[in-house]
Protein chains: 2
Amino acid sequence: MFDLIPYLEKKQKLVNDSLRQIINHTISHERLVSAVNYSLMAGGKRLRPILCLAACEAVSGTYDQAISAACALEMIHTYSLIHDDLPAMDDDKLRRGKQTCHIKYDDATAILAGDALLTYAFQILSSNKPKTYEQAANWITVINNVSTAAGIGGMVEGQIRDVTSEGTQLTLDQLEKIHLLKTGALIKSAITSGAILGYGTSIMIEQLEIYAENIGLAFQITDDILNVEGDPRVLGKETGTDQNRGKNTYPALLGISKSRELIKGKINNALQALDNFDNKSDPLRAIAQYIIVRKK
Amino acid sequence: MFDLIPYLEKKQKLVNDSLRQIINHTISHERLVSAVNYSLMAGGKRLRPILCLAACEAVSGTYDQAISAACALEMIHTYSLIHDDLPAMDDDKLRRGKQTCHIKYDDATAILAGDALLTYAFQILSSNKPKTYEQAANWITVINNVSTAAGIGGMVEGQIRDVTSEGTQLTLDQLEKIHLLKTGALIKSAITSGAILGYGTSIMIEQLEIYAENIGLAFQITDDILNVEGDPRVLGKETGTDQNRGKNTYPALLGISKSRELIKGKINNALQALDNFDNKSDPLRAIAQYIIVRKK
């Protein structure tokens, strides 16, 4: 029986150490580095980087092939949180139990810290010196996948759809579309990046994409449920904020009980997609099952 | 005698056509695409993409080798203007004779349009399918150069230094440092990217870097002078804003006349760096000389 918690802790430490090393080697304006460090090291779950490393291992790669991509993905995720929290967007004051970046520093610094993190991700993704054509081509594919997922037809589109739909009633399909873009696309690119860098076959990558889409949605529905009935002290952020803001969520649209059923269906789909993988994909299986029971 | 104006017009048209094609093929949320299109097609000079193409040609490459990098550089430049204009930063209402993005749309849309453009640049830079190892390695080098120049130790650092130094007295060295970062780094990466993609030798690239640093500073000093004595109708933006805001500028530090002398020195350095180049670098020579006489 695979034991997930020590696996997650080990991988979190690996990612945190790598991110800390990057920041420690960064030469720039003190306030900017401080803000970047503050948000990046604020105690995130490191879901995206861990999925990236786990996908690399699932296709028989080793974690060191994907660690820089894993760090880049966490940087992009952190930039998106910093910008989403700004007064002009969600106007959130608390994140992971700490003041959001613009509260701790100021709006200008938060905008620039986000910009810096997004750009830094691509600096990291292009910092490897590939030795073969295949290696170089793989990195370019990863950069293309990640930028497409994070960009105008991915995460940023999801965010503008989210912001502009507040106070209007969405259908389930429209809500799913927002989440596939806003959180799903980057989660998917984390998994495909890991698989590409581990030299996975195209059939493996296709199956992992199905896994990714399903856990991405399951993760988001759980997030919505935690915003209704989670414990703010455990979550590290306020709850009930979605309802106050008139946000479209799964619980608001379907109720808690049907939302939970939907999560179960998605997780089953995700597990099925791994049917032809061996026990090196056990971490991915365990992560899928963990999503529904998580408390933060 | 090389005739610069038709050269600039031809290259501007090339860049505009390519950017328009990219936007026309973009599938995303209508408001986001509209904001991106608004700022990207607001009539910029296209200095960075033109320098990229001209550098490619100066090392005997052809423009099509560098056109996608040229477009990516203009996207990064445009994102930086959108974010710099935000109320939390420079709070500018007019840019190129038109409303700034956050005035035309709103702050949230402007933040996201900037984020989208920055990310799109890396999508474009990674969209080529390299056929050889050298080609693939060159693209990775270009992505690394551009992200380094735009990022936490480049343009973003320049911007936070600029924002945090308002109202304090800088030395000439400190001011030059800000401009080397804020505008110089991206201009330099435009030129080196073009030269790398045109398969320039490392000696050529070194000389072009000297050219780039010098015209970057000359360009910035001219900008400062135009903010004092330019014609707002020709410039398409308000003048006198630097002084009102207590900004550190070359005219404020040295006076107009010494600032002009400084420009001449920088341009001479830039031209000298091209001494061993043949007439394929005439556009770069002409651009250096044009900087001092430009009215917008």
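Structural data are supplied above this passage.
Calculation rules
Residues numbered from 1 in each chain as written. Chains lettered and ligands numbered in written order. Predicted model: local features only at pLDDT ≥ 70, side-chain atom pairs only at ≥ 80, totals over all residues. Heavy atoms only, no water. Contact = heavy atoms within 4.5 Å. Buried area = accessible area lost by both parts, 1.4 Å probe. Salt bridge = Lys/Arg side-chain N within 4 Å of Asp/Glu carboxyl O. Polar contact = N/O pair within 3.5 Å; in protein donor to acceptor, adjacent residues only side chain to side chain. Helix = DSSP H or I, 4+ residues; strand = E, 2+ residues; numbered from the N terminus. Nonpolar A, V, L, I, M, F, W, Y, C, P; charged D, E, K, R; others polar. Least-squares fit on C-alpha atoms with pLDDT ≥ 70 in both. Buried < 20%, exposed > 50% of the residue type's maximum accessible area, 1.4 Å probe, protein only. Axes fitted to C-alpha atoms, helices over the stretch in contact; angles between N-to-C directions. Parallel < 35°, antiparallel > 145°, perpendicular 65-115°, else oblique. Phe/Tyr/Trp six-rings, centres within 6.5 Å; stacked < 30°, edge-to-face > 60°. Patch = residues over 30% accessible without salt bridge, like charges linked within 9 Å, V, L, I, M, F, W, Y side chains within 5 Å. Areas by Shrake-Rupley, 256 points an atom, 1.4 Å probe, with all protein chains shown as cover. Core = buried A, V, L, I, M, F, W, Y, C linked by side-chain atoms within 4.5 Å. Disulfide = S-S within 2.5 Å.

Student: Honestly, the interface of chain B and chain A in this entry has me stumped. Any pointers?
Tutor: Interfaces are often described in size by the accessible area the parts lose on coming together. The interface is formed by 48 residues belonging to chain B together with 48 residues belonging to chain A. For the pair chain B and chain A, the summed buried area comes to about 4200 Å², and 76% of that belongs to carbon and sulfur atoms. Among the residues chain B hides against chain A, the three largest losses belong to Ile-140, Ile-152 and Ile-160 of chain B. Together they make up 17% of the total. Applying the counting rule to chain B against chain A returns zero salt bridges. Across the chain B-chain A interface, the total number found is 14 residue pairs in polar contact (both at pLDDT 80 or more). Elements supplying a minimum of two residues to the side of chain B that touches chain A: α2 (30-40), α4 (67-84), α6 (107-125), α7 (133-150) and α8 (155-165) of chain B. Element by element, the count of residues in the side of chain B that touches chain A is highest for α6 of chain B, at 12 residues. Tallied by class, the residues present in the side of chain B that touches chain A amount to 24 nonpolar, 18 polar and six charged.

Student: Can you walk me through the relation of the copies chain B and chain A in this structure?
Tutor: To go from the first copy of the chain to the second, apply a rotation about an axis and then a shift along the same axis. When chain B is brought onto chain A, the operation consists of a screw motion whose angular component is 180° and whose axial shift is 0.0 Å, with 0.0 Å RMSD remaining. Expressed as an axis order, the relation between the two copies is that of a two-fold axis. When C-alpha positions in chain B are compared against the rotation axis, the closest is assigned to Tyr-133 of chain B, at 2.2 Å. Taken together, the interface assignments show that 100% of the residues at the interface of chain B recur at the interface of chain A, consistent with an identical surface on both copies.

Student: It is not clear to me how the environment of Lys-98 of chain A should be interpreted in this structure. Could you clarify?
Tutor: Residues and elements named next belong to chain A. Along the polypeptide, Lys-98 turns up in strand β2 (residues 98-99). Look at Lys-98 and you get partly exposed, because its relative accessible area is 32%. A sequence separation of 110 residues divides Lys-98 from Leu-208, and the C-alpha atoms of the two residues are 34 Å apart. Among residues more than four places away in sequence, those in contact with Lys-98 are Tyr-38, Met-41, Ala-42 and Lys-93.

Student: What should I look at first to understand the packing of helix α1 (residues 4-24) of chain B against helix α15 (residues 282-293) of chain B in this one?
Tutor: Packed helix pairs are specified by the crossing angle of their axes together with the interaxial distance, meaning the distance between the axes. Residue and element names in this part refer to chain B. Relative to each other, α1 and α15 sit at 105°, their axes nearing to 10 Å. Classified by the interaxial angle, the pair formed by α1 and α15 is roughly perpendicular. Along the contact surface, α1 presents Leu-4, Ile-5, Tyr-7 and Leu-8, while α15 presents Pro-283, Ala-286, Ile-287 and Tyr-290. Of the residues assigned to the contact of α1 with α15, the class counts are eight nonpolar, no polar and no charged.

Student: Just to check I follow, could you spell out the packing of aromatic side chains for this structure?
Tutor: The relative placement of two aromatic rings is captured by the distance of their centres and the angle of their planes. Applying the stated criterion across every chain, the model contains five aromatic pairs over all chains. Judged by centre distance (5.5 Å) and plane angle (65°), the rings of Phe-2 of chain A and Tyr-7 of chain A are edge-to-face. Plain terms: the ring middles of Tyr-38 of chain B and Tyr-105 of chain B are 5.8 Å apart, the flat faces sit at 75° to each other, and that makes the pair edge-to-face. Of this pair, Tyr-38 of chain B sits in helix α2 while Tyr-105 of chain B sits in the loop between α5 (101-104) and α6, placing them 67 residues apart in sequence. No difference in accessibility class separates Tyr-38 of chain B from Tyr-105 of chain B, as the two residues are buried.

Student: I tried to follow helix α2 (residues 30-40) of chain A on my own but got confused; where do I start?
Tutor: Think of an α-helix as turning once every 3.6 residues; residues three or four places apart then point the same way. Along α2 of chain A, the residues classified as buried are Leu-32, Val-33, Ala-35, Val-36, Tyr-38, Ser-39 and Leu-40 of chain A. Residues of α2 of chain A that are buried in the fold lie against α1 (4-24), α4 (67-85), β2, α5 (101-104) and α6 (107-125) of chain A together with α8 of chain B.

Student: When you look at the pattern of salt bridges in this model, what are you seeing that I'm missing?
Tutor: Charged atoms that come close allow side chains of opposite charge to pair. Residues and elements named next belong to chain A. In this structure the tally under the stated criterion is 32 salt bridges over all chains. A salt bridge links Asp-90 to Lys-247; the shortest N-O distance between them is 3.8 Å. With Asp-90 in the loop between α4 and β1 (94-95) and Lys-247 in the loop between α12 (241-244) and α13 (250-254), the pair connects residues that are 157 residues apart, well separated along the chain. Assigned by exposure class, Asp-90 and Lys-247 land together as buried.

Student: Would you take a moment to explain a nonpolar patch on the surface for this structure?
Tutor: Residues and elements named next belong to chain A. The grouping of Ile-5, Tyr-290 and Val-293 at the surface amounts to a nonpolar patch, some 260 Å² of accessible area in total. Among the secondary structure elements, Tyr-290 is positioned in helix α15 (residues 282-293). Judged by its relative accessible area of 33%, Tyr-290 falls in the partly exposed class.

Student: Got a minute to help me understand the nonpolar core in this structure?
Tutor: Here is a general trend for soluble globular proteins: nonpolar side chains tend to be buried in one another's company. With 190 residues, the main nonpolar core has Ile-76 and Tyr-211 of chain A together with Ile-76 and Tyr-211 of chain B as its most contacted residues. Residues in contact with Ile-76 of chain A, not counting those within four places in the same chain, are Leu-118, Ala-121, Phe-122, Val-146, Ala-150, Met-155 and Leu-186 of chain A.

Student: It is not clear to me how the side chain of Glu-57 of chain A should be interpreted in this structure. Could you clarify?
Tutor: Mapped onto the secondary structure, Glu-57 of chain A falls in helix α3 (residues 47-58). Each residue touching Glu-57 of chain A, except ones within four places of it in the same chain, is listed here: Tyr-7, Lys-11, Tyr-63 and Lys-280 of chain A.

Student: Teacher, can you tell me more about the environment of Ile-152 of chain B here?
Tutor: Along the chain, the position of Ile-152 of chain B falls in the loop between α7 and α8. It is 28 Å that separates the C-alpha atoms of Ile-152 of chain B and Gly-43 of chain B, two residues lying 109 residues apart in sequence. Leave out the neighbours within four places in its chain, and Ile-152 of chain B touches Thr-26, Ile-27, Ser-28, Leu-32, Val-36, Ala-116 and Tyr-120 of chain A together with Glu-157 of chain B.

Student: Honestly, the state of the cysteines in this entry has me stumped. Any pointers?
Tutor: In protein chemistry, a disulfide is the covalent bond that joins the sulfur atoms of two cysteines. Residue and element names in this part refer to chain A. A complete count under the given rule lists zero disulfides over all chains for this structure. A disulfide-free cysteine, Cys-71 has its sulfur positioned 9.2 Å from the sulfur of Cys-52, the nearest such atom. Given the relative accessible area of 1%, Cys-71 is considered buried. With no disulfide partner, Cys-101 has as its closest neighbouring cysteine sulfur the one in Cys-71, 19 Å distant. Using a relative accessible area of 4% as the deciding quantity, one classes Cys-101 as buried.

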